[in-house]
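# Notes for the structure review
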Amino acid sequence: MDQHDSTFGVQLFIYDLSRGMARQLSPIMLGKQLDGIWHTSVVVYGEEFFYGGAGISSCPPGGTMLGPPDTVVELGNTEVTEEIFMDYLSSLGETTYSGDKYRLFEHNCNTFTNEVAQFLTGNKIPSYITDLPSEVLSTPFGQVLRPILDSIHIAPPGGNVINSQNNHS
């Protein structure tokens, strides 16, 4: 089979970590409406890939403790083979997206997902997701909370860490 003729669907899974609370509380706390606190992942080759405080992880689609996504967005198709993609992720996991580089506002699951989506399809993820940190930090309450929120590392349980330094094969 000629692998160059194969294309693979790429999806964006979107989860609201606040489970609707952001929509209710953000006008009171921030003075502006936020529809959610977004965690995203990319689904391709039958696996869900995401980034958190543990580094890059994967699981069956919807297989983390977050359960099924709140929204699924079709990002397009890719001709990148699974082997090339896994090499790419391995490289990212050793450099840019190791667990110790995770930062809730500047370098998070959405930063990762946006970069991976562009690598696979040339498409970015929706800006309402990537703009969320600046939306929060543009408020006085966001500035007050920043030191506390900066210490939070989100790593949804249920995934297998890719290229973990503790994983010696």
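Owing to the predicted nature of the structure, the values given are computational and were not obtained by experimental measurement.

Check the secondary structure of the protein and you find six helices and six strands. When the helices and strands of the protein are placed in sequence order, the string is β-α-β-β-β-β-α-α-α-α-α-β. When burial is assessed residue by residue, the protein has 42% of its 169 residues classed as buried. Within the protein, residue pairs in contact and separated by at least 24 positions form 74% of the contacts whose partners lie at least 6 positions apart.

One finds F85, L89, V116 and L120 to be the most contacted residues of the largest nonpolar core, which totals 32 residues. Those elements that place two or more of their residues in this core are β1 (8–16), β2 (38–44), β3 (47–52), α2 (82–94), α3 (109–121) and α5 (132–137). Once residues within four sequence positions are removed from consideration, F85 is found in contact with V44, Y45, F49, V80, V116, F119 and L120.

Before going further, it helps to spend a moment on the packing of α2 against α3. As a packed pair, α2 and α3 sit with axes 12 Å apart at the nearest point and diverge in direction by 145 degrees. When the axes of α2 and α3 are compared, the crossing they make is right-handed. Mapping the contact onto sequence places I84, F85, Y88, L89 and L92 in α2 and F112, E115, V116, F119 and L120 in α3. Split by residue class, the contact of α2 with α3 holds nine nonpolar, no polar and one charged.

The next thing to look at is the pairing of β2. Judged by how many residues are buried, β2 sits mostly within the fold: seven of seven residues are covered. Here β2 shows a buried face lined by W38, T40, V42 and V44 and a second buried face lined by H39, S41 and V43. Of the pairings in the sheet, the one linking β1 to β2 comprises six bridges and is antiparallel in character. Residue pairing in the sheet places F13 in a bridge with S41 of β2. The pairing of β2 with β3 spans three bridges and is classified as antiparallel.

Turning our attention to the side chain of S41. With respect to the helices and strands, S41 occurs in strand β2. Note on S41: relative accessible area 0%, which makes it buried. A polar side-chain atom of S41 sits 2.7 Å from a polar atom in the side chain of E48. Those residues in contact with S41 that sit more than four places away from it in its chain are Q11, L12, F13, Y15, E48, F49, F50 and T113.

What follows covers a nonpolar patch on the surface. A surface patch of nonpolar side chains, about 390 Å² in accessible area, is lined by M21, L25, I28 and M29. Relative to the helices and strands, M21 is located in helix α1 (residues 21–29).

How each quantity is defined
- Residues numbered from 1 in each chain as written.
- Predicted model: local features only at pLDDT ≥ 70, side-chain atom pairs only at ≥ 80, totals over all residues.
- Heavy atoms only, no water.
- Helix = DSSP H or I, 4+ residues; strand = E, 2+ residues; numbered from the N terminus.
- Buried < 20%, exposed > 50% of the residue type's maximum accessible area, 1.4 Å probe, protein only.
- Contact = heavy atoms within 4.5 Å.
- Core = buried A, V, L, I, M, F, W, Y, C linked by side-chain atoms within 4.5 Å.
- Axes fitted to C-alpha atoms, helices over the stretch in contact; angles between N-to-C directions.
- Left-handed = near helix turned anticlockwise from the far one by under 90°.
- Nonpolar A, V, L, I, M, F, W, Y, C, P; charged D, E, K, R; others polar.
- Pairing = 2+ DSSP bridges.
- Polar contact = N/O pair within 3.5 Å; in protein donor to acceptor, adjacent residues only side chain to side chain.
- Patch = residues over 30% accessible without salt bridge, like charges linked within 9 Å, V, L, I, M, F, W, Y side chains within 5 Å.
- Areas by Shrake-Rupley, 256 points an atom, 1.4 Å probe, with all protein chains shown as cover.
- Salt bridge = Lys/Arg side-chain N within 4 Å of Asp/Glu carboxyl O.

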